[in-house]
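Commentary on secondary and tertiary structure
So the chains spell out like this:
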Amino acid sequence: MTAARADIVFRRAVELDALDAILPFDRRDQLAALLTDDDVATLKHLAQQGMGDNTLRALASDLGYLEAWCQLATGAPLPWPAPEALLLKFVAQHLWDPVKRAEDPGHGMPAEVEAGLRAQGLLRADGPHAPETVRRRLTSWSILTRWRGLKGSFSDPSLKSALRLAVRAAARPRQRKSKKAVTGDVLAKLLAVCAGDRLVDVRDRALLLTAFASGGRRRSEVANLRTEDLIDEEPVRTDPTDANSPPLPCLTIHLGRTKTSTADDDEHVMLIGRPVTALKQWLAEAGIDSGAVFRKIDQWGNVDRRGLTPQSVNLILKARAKQAGLDPAAFSAHGLRSGYLTEAANRGIPLPEAMQQSLHKSVTQAASYYNNADRKNGRAARLVI
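In short, a report on the structure. (Residues numbered from 1 in each chain as written. Predicted model: local features only at pLDDT ≥ 70, side-chain atom pairs only at ≥ 80, totals over all residues. Heavy atoms only, no water.)

1. Let's talk about the side chain of Ser338
Mapped onto the elements, Ser338 comes out in helix H15 (residues 334–346). When residues no more than four places from it in sequence are discounted, the contact partners of Ser338 are Ala181 and Tyr369. (Helix = DSSP H or I, 4+ residues; strand = E, 2+ residues; numbered from the N terminus. Contact = heavy atoms within 4.5 Å.)

2. Thoughts on the nonpolar core
By size, the foremost hydrophobic cluster in this structure holds 54 residues, and its most contacted members are Leu279, Trp282 and Phe294. With eight residues, the top contributor of residues to this core is helix H11 (residues 199–213). The contact partners of Phe294, leaving out residues within four places of it in the chain, are Arg203, Ala206, Leu207, Thr210, Val222, Leu225, Leu279, Trp282, Gly307 and Leu308. (Core = buried A, V, L, I, M, F, W, Y, C linked by side-chain atoms within 4.5 Å. Buried < 20%, exposed > 50% of the residue type's maximum accessible area, 1.4 Å probe, protein only.)

3. A look at helix H4 (residues 53–74)
Over its 22 residues, H4 runs 31 Å from end to end, which matches the ideal 32 Å to within 8%, given 1.5 Å per residue. Just downstream of H4, Gly75 is the residue with a positive phi angle, here 80°. (Expected span 1.5 Å × (residues − 1).)

4. Some points on the environment of Leu95
Position of Leu95 among the secondary structure elements: in the loop between helix H5 (84–94) and helix H6 (98–103). Counting along the chain gives 35 residues from Leu95 to Ala130, while the straight-line C-alpha distance between them is 7.7 Å.

5. Quick look at the environment of Phe212
Inspection of the secondary structure puts Phe212 in helix H11. Separated by 28 residues in the primary sequence, Phe212 and Gly184 place their C-alpha atoms 9.3 Å from one another. Excluding residues within four positions of it along the chain, Phe212 makes contact with Val182, Leu187, Leu336, Gly339, Tyr340 and Glu343.

Structure representation (structure tokens):
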């Protein structure tokens, strides 16, 4: 990188510091290298206009990917507005027929483009992209185009037709975000391997208990949790019907806007008992009284001011699964979410009550975990055993 280029990247990184509470800190330098000055100005403008943190974070991530892809695929930055031919190229390089690719290596994304994206850590999956990912990035592209006061070709019949045909050609079976759910028995194994007194053990124990017991929080919600979101409540009884039962610590976690909430929602969930104790122990031992709740810890045990990234949450769970003798490839952070509902079903907790804590908006989606549990516990599949 030339000195002039390094100066430009540094200046953009400083500009992105204004979005430090929204954008992952460790991605700041990468985004500064990928985005243009106009891109950075657009993101800052959207933040000033009050766009939700999650939405802005997704737009920044998609914009960084689009800029990197366009530079590799065309040798030039992303043009605004994007011509129809570039949109069609994007679809063709991300949604392709694996059978045809085996016969024709030139089909789909060129090898040099794929290698460049992998080298930058922007492409991990093998095979064509998931249609939902391509549609989301096109939507982000369209939103950013409109915010620049421009009109793109995103509604053109040719793009819609190409997208429809490409999705059909690249069709692949839908897979769960986590092959296996982190149910109560799995959680116990994970907690057992972080039962030590090291600060990293204290953090991981608090993270796992908080994420699971608060309804199976998404990894982004765990990573973005701040001390200001934690509100102490009056203790509750172990047995609500017995006034003499021991009290349990209780707090409310304010999540604000979530992936499925609207701008006016202020979602919150309850945390009771052992997870509260573990969380407060972590905050006390780490000396955290403001800012991000869950943070990086370096090899010398120093706590960073930066919060964990969503990917870090995922890697922590996988690392603990490996230590527990489980297959880390079978588990991801989303397993905490599916595991919470599966465990609730196994314990006979009514679906509406569980959904109040998990904050699932779709009864159909939440009920799928209950249906699976009912089938395993029911008699219909046990006629011959």
